[in-house]
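Coordinate analysis (summary)
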Amino acid sequence: MGISVIPSLLDEKNVATLGAKTIAEICKTGRYYRHPDSALISYPLVVADKIGKIPDNKELKIAVIGAGVGGIASCYELSRLGNSDKIHVTLYESDPENFIFAPPVVKVKTAGLKTGRVFAARSQSSDTNQDDGDKDSKPGDKTVYEIGAMRFPEIAGLTWHYANSVFKEDTKVDAFPNPGTVATEFVFGDRSDRYSRDDGWLKENSPTERVYKVVRAGIFGPPEKETPCYFLIGGKNPCDVSEELKKEYTNTEDKKRLEEINQEWKEFAIKYDGLTLEAAIRQIIRAEVEKGTLPDIEGLAKGEAKVNYYTELFGCFGFGTGGFKSISNQSLTEMMRILLWDYANEYTLPVNENVDFIAQLYQKAKIENKLNVDTKCARVCDVCHEASTDKALVFSYNKTSTGSGVVVEDTLPDKQEFDYVILAVTPKQMNSIISRAGFSNAARKIRFGDYNRQYPDEVEARPPLTLSKNYDTPNSEIFTAVNQIHMMSSSKIFVTIKEDDFLKYAPNFKKEGNKIKAIVSDCGLACSYIVPSPFSKPIVKDGVKYYSLLLSYNWEEDTKRIQHHLYEYPINKYDDSAANKKMIEAAINRTIREVRDPEDGTYKPWWFGELLSKSVLSDPLSHDWTTDYSAGGFKLDTTGNHYNSNLCFRYHTHAVDPTLKNRFFVAGDSYSHLGGWIEGAFMSAINAVTGLVVAANDGDIGALEPEARKVITTLDKVVSA
């Protein structure tokens, strides 16, 4: 999932060449990258070898709750500890359509193509006998819609490390056609621009190009380096710090510099945690307007009217990838994390659906590494520590399929005891299962389970997430931190279009055959683009070829503005063609408007509306993550949330204090500092397994391999040992 924030996208001095690369080549890009909140840790190096080892004299029963990326990655790292025969995992998952189960299919197939927010769907034509010649496609498959994670930054070192584990090193992957990387049209009010990274701008020096360069230089640092930007990290431009975070460090002097960055970032994070992204951008634009850097806009008064116009213009355009207005209320600290990541390209995975990547990782853990895993289709309702044994308890309602896709829950919860539990669930799910036991570490009798469906016996219990043996308030802090995580709204609408219609209506950019393939606009659809799909090559029926079109990809406020047009959200009803048609037509209706043609400056009917009017309406798909019963879109911190976010990220360090007797760890991208990417889920899974190994060895960090020790020793502890 995630937003695209590529500050160097349109720099005159171009970034890395865009194009197909091998996985081995991409692995080199992020191998040494250190995220600012963990500046002394390069996570791919932590898992280059096993994380550590559990004691030979212990057999461990471990519950992993949630079979999303965080949960599956936790299983994978547990399987690599070297004595996986001593580990017995129960993997809980509440979604019967997760890939670890195999329920029936429907017209738009999602069953078996989901793992948390890595979630695909296969659309199907009405002709179930069609065959596109792809050995992995099934009769009737038309295209793949990636509802969740669909593009992966090349600097995501962990993502490509794990991809390298399950695919061949020489496997080639293709660049994702983000707005700006391909020929893109930008429409905002009366302004239309066309641009691409390789071919530049249709018309040079437009106000859009100027405001992009001004904000990029002001917030991240200018390409010429020596000019200071407005928000320095330890006296340096963020772009320079970003380069330092990518380097391989080998000597004492290097380590000293990393320690300095670690401290400088802490100071920056606290200083700007209360400043919104929009306030920072407006500060830059106001100063640059006063300097005369930005041109006057004909018909607009100077001063604040000009400042507001450029602020809104950047809000729609961003760094060329669009959609910044909808994230304007997030904290500058959070956005700076993403800017420092500074990924130049994003790539697709070499699979039909992205879930196959995670599924292969899971199979490698089970089969090659021989991890003992029992899967359980169940909704976990409560967790706690059992007071008498100090073991972890998990209460869950088992789910049973009654056929035809109908799944029912047991009336009463089941109770299971474990040595350790990894909670790899979203904040929505976590909030409800950790709070029942309260915050006092004193044992008391509690009735667990849903109201009127409770476990029949009272259980003498302690709370699951603890940071103090004696005081309630520290124990409530982690609950507050999880409860305050800000989940972004997000929605996608997919359709298919005929290749002939695309070629007819999409205009050329600068040269014949270089068609506009991405649109960033203010019409309410936000970003629209042709997306890669194993079936968006030649499709099928009677020789007709199709493209998969992501008609709308929205975040936050933009999602809420289109919600009333989504009808059957969070996911449209597959069998209600009338509602689907009405939904798509409502979205298309937003594009039927007069737009200034960027070629000749005259107003004409917008070509994009004419293209969308030719959409195939038999198999559209919409999903609104805002209303998803368990997940939400993706995590981005609002102002004032740095403390809570950072507490979740380093929660695993409680393991250094064995007297706390805390047997719970958390994993998932929402508890990382990269909440919009599976990279963050991988990081948090490593944190959780690292903490679990230390806990299993009674607080001894010597049980960890040297690189893995940094995951404990270089982060501020959540408890004092």
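Please refer to the structure placed before this passage.
Quantities reported herein were computed from a predicted structural model and do not represent experimental measurements. (Residues numbered from 1 in each chain as written. Predicted model: local features only at pLDDT ≥ 70, side-chain atom pairs only at ≥ 80, totals over all residues. Heavy atoms only, no water.)

Quick notes on the pattern of salt bridges
Inspection of the entire model under this criterion finds 46 salt bridges. Where Lys53 meets Asp56, a salt bridge forms, and the shortest distance between an N and an O atom there is 3.7 Å. Because the salt bridges share partners, they merge into one network encompassing Arg379, Asp382, Glu409, Arg436, Asp450 and Arg453. (Salt bridge = Lys/Arg side-chain N within 4 Å of Asp/Glu carboxyl O.)

Looking at unusual backbone geometry
The phi dihedral of Ala526 falls on the positive side, at around 65°, and the residue is not glycine. Inspection of the secondary structure assignment puts Ala526 in the loop between β26 (518-521) and β27 (527-530). Of note in this structure, Lys661 is not a glycine but carries a positive phi near 55°. Topologically, Lys661 is positioned in the loop between α18 (642-649) and β33 (664-666). (Helix = DSSP H or I, 4+ residues; strand = E, 2+ residues; numbered from the N terminus.)

Let's talk about helix α6 (residues 238-246)
Every buried residue of α6 is accounted for by Pro238, Cys239, Val241, Ser242, Glu244 and Leu245. Against the buried residues of α6 lie α5 (207-219), α7 (252-272) and α10 (332-341). (Buried < 20%, exposed > 50% of the residue type's maximum accessible area, 1.4 Å probe, protein only. Contact = heavy atoms within 4.5 Å.)

Quick word on the packing of aromatic side chains
A full pass over the atoms with the stated rule returns 33 aromatic pairs. Judged by centre distance (4.5 Å) and plane angle (40°), the ring pair of Tyr162 and Phe682 falls under tilted. Within this pair, whereas Tyr162 is found in helix α4 (residues 157-166), its partner Phe682 is found in helix α19 (residues 678-696), the two being separated by 520 residues in sequence. When its relative accessible area of 0% is taken as the criterion, Phe682 is described as buried. Taken together, Phe186, Tyr195, Trp201, Tyr212, Phe314, Phe317, Phe319 and Phe324 form an aromatic cluster joined through their ring pairs. Sitting over the ring of Phe119, Lys114 keeps its end group 4.6 Å from the ring centre. Its end group placed over the ring of Tyr553, Lys492 keeps NZ or CZ at 4.9 Å from the ring centre. (Phe/Tyr/Trp six-rings, centres within 6.5 Å; stacked < 30°, edge-to-face > 60°. Lys NZ or Arg CZ within 6 Å of the ring centre and 35° of its normal.)

Quick notes on the side chain of Asp382
The topology assignment puts Asp382 in strand β13 (residues 372-386). Here Asp382 falls in the buried class, since its relative accessible area comes to 0%. Reaching out from Asp382, the side chain makes a polar contact with the backbone nitrogen of Gly449 at a distance of 2.8 Å. Residues in contact with Asp382, not counting those within four places in the same chain, are Leu393, Val394, Phe395, Ser432, Ile433, Arg436, Phe448 and Gly449. (Polar contact = N/O pair within 3.5 Å; in protein donor to acceptor, adjacent residues only side chain to side chain.)

Topic: the side chain of Arg191
Relative to the assigned elements, Arg191 resides in strand β10 (residues 191-196). Reaching out from Arg191, the side chain makes a polar contact with the side chain of Tyr309 at a distance of 3.5 Å. Ignoring sequence-local partners within four residues, the contact set of Arg191 consists of Phe186, Pro207, Thr208, Tyr309 and Leu313.

Considering the environment of Pro207
If you trace the backbone, Pro207 turns up in helix α5. Look at Pro207 and you get buried, because its relative accessible area is 13%. Expressed as a C-alpha distance, the spacing of Pro207 and Ala280, which sit 73 residues apart in the sequence, is 19 Å.

Observations concerning the pairing of strand β25 (residues 511-515)
Pairing of strand β24 (residues 508-509) with β25, which is carried by 2 bridges, proceeds in the antiparallel orientation. Its bridge partner lying in β25, Asn508 is registered against Lys515. Here β24 folds back onto β25 in antiparallel fashion, the turn holding 1 residue, of which Lys510 has a positive phi close to 70°. (Pairing = 2+ DSSP bridges.)

Some remarks on the environment of Ile434
Tracing the backbone shows Ile434 in helix α12 (residues 427-434). Of the residues examined, Ile434 reaches a relative accessible area of 4% and is grouped as buried. Not counting residues up to four positions away in its chain, the partners in contact with Ile434 are Val383, Leu423, Pro464, Leu465 and Phe479.

Focus on the state of the cysteines
Applying the stated criterion across every chain, the model contains 0 disulfides. Of all cysteine sulfurs in the structure, the one in Cys384 sits closest to Cys381, which takes part in no disulfide; the separation is 10 Å. (Disulfide = S-S within 2.5 Å.)

Examining the nonpolar core
Within the largest apolar cluster, 161 residues are counted, with the highest numbers of intra-cluster contacts made by Ile3, Trp160, Ile219, Phe357 and Phe682. Here the element with the most residues in this core is α19; it accounts for 13 residues. In this structure, Val383, Met430, Tyr651 and Val666 belong to the second largest nonpolar core, which totals 32 residues. (Core = buried A, V, L, I, M, F, W, Y, C linked by side-chain atoms within 4.5 Å.)

None of this, on its own, says anything about what the molecule does.
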